[in-house]
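Examining the three-dimensional arrangement
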Amino acid sequence: MSPRFVVLGPPGAGKTTVGQLLAARLGAAFRDTDDDVVATAGKPISDIFTTDGEPAFRALEEEAVAKGLAEHDGVLALGGGAVLSAATRERLAAHTVVFLNVGMAEGVRRTGLSTARPLLAGVNPRATFKALLDARLPLYREVATIEVDTDQLEPEQVVDAVLAKAERT
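Let me sum up the structure you'll find in this document. The structure displayed is predicted, hence computed values, not measured ones. (Residues numbered from 1 in each chain as written. Predicted model: local features only at pLDDT ≥ 70, side-chain atom pairs only at ≥ 80, totals over all residues. Heavy atoms only, no water.)

Helix and strand content of the protein chain: eight helices and five strands. Overall, the protein chain shows an N-to-C arrangement of helices and strands of β-α-β-α-α-α-β-α-β-α-α-β-α. Put simply, the protein chain has 169 residues, and 45% of those count as buried. The contacts in the protein chain between residues at least 6 apart in sequence include a share of 73% that link residues at least 24 apart. Counting only carbon and sulfur atoms, one obtains 51% of the accessible surface of the protein chain, whose full area is about 8,000 Å². (Helix = DSSP H or I, 4+ residues; strand = E, 2+ residues; numbered from the N terminus. Buried < 20%, exposed > 50% of the residue type's maximum accessible area, 1.4 Å probe, protein only. Contact = heavy atoms within 4.5 Å. Areas by Shrake-Rupley, 256 points an atom, 1.4 Å probe, with all protein chains shown as cover.)

What follows is the structure, given as structure tokens:
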């Protein structure tokens, strides 16, 4: 079993929204590894970061991604930092990976620099967001088979672009 599409990107890219719409369009199930992490830990991601630390969260995330890739045959959305794991990047090589790219200004606008996103909380969230994008962009591109710039598109248009690019690959 293998997901039809794996969706990833930075915070605010629209992974959940687009993933759900893409799954609906395909008549497939949608699964979000962040939800799997929350279910496994029994607490919100922000609490995992606060009480257990980022390394504990990343270990849970890596496990959730491996399980999702093995068990799910619909659309699988990954957390924005999942690509930080070399093991996850290796696992993604066998899948159709959709990178939803979002620029800094649009990503900041969409996330509202929410405290529900623990990596964006802090003294200078815009600088944190920029550093996050700078560090992760090469990793997203390393694993992506399809890239869609989401800045100027509505979610349905992003789905259209994903499906059009998938037909060409």
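On to the environment of S85, then. Examined against the element boundaries, S85 turns out to sit in the loop between strand 3 (75–77) and helix 5 (86–92). Residues S85 and E61, 24 residues apart in the sequence, show an inter-C-alpha distance of 9.2 Å.

As summarised here, the arrangement of the five strands in space is 2-3-1-4-5, forming an open sheet in which the pairing is parallel. The open sheet has two edge strands, strand 2 (30–32) and strand 5 (146–149), and neither has a second partner. Ignoring which end each strand starts from, the neighbouring axes of this sheet average 20° apart. As paired elements, strand 4 (residues 97–101) and strand 5 share four bridges and run parallel to each other. Across the sheet, L100 pairs through a bridge with V148, a residue of strand 5. Its contacts with the sheet put helix 2 (residues 33–41) on strand 2 and strand 3, and the angle it makes with strand 2 is roughly 60°. (Pairing = 2+ DSSP bridges. Axes fitted to C-alpha atoms, helices over the stretch in contact; angles between N-to-C directions.)

These values are about where atoms sit, not about what they do.
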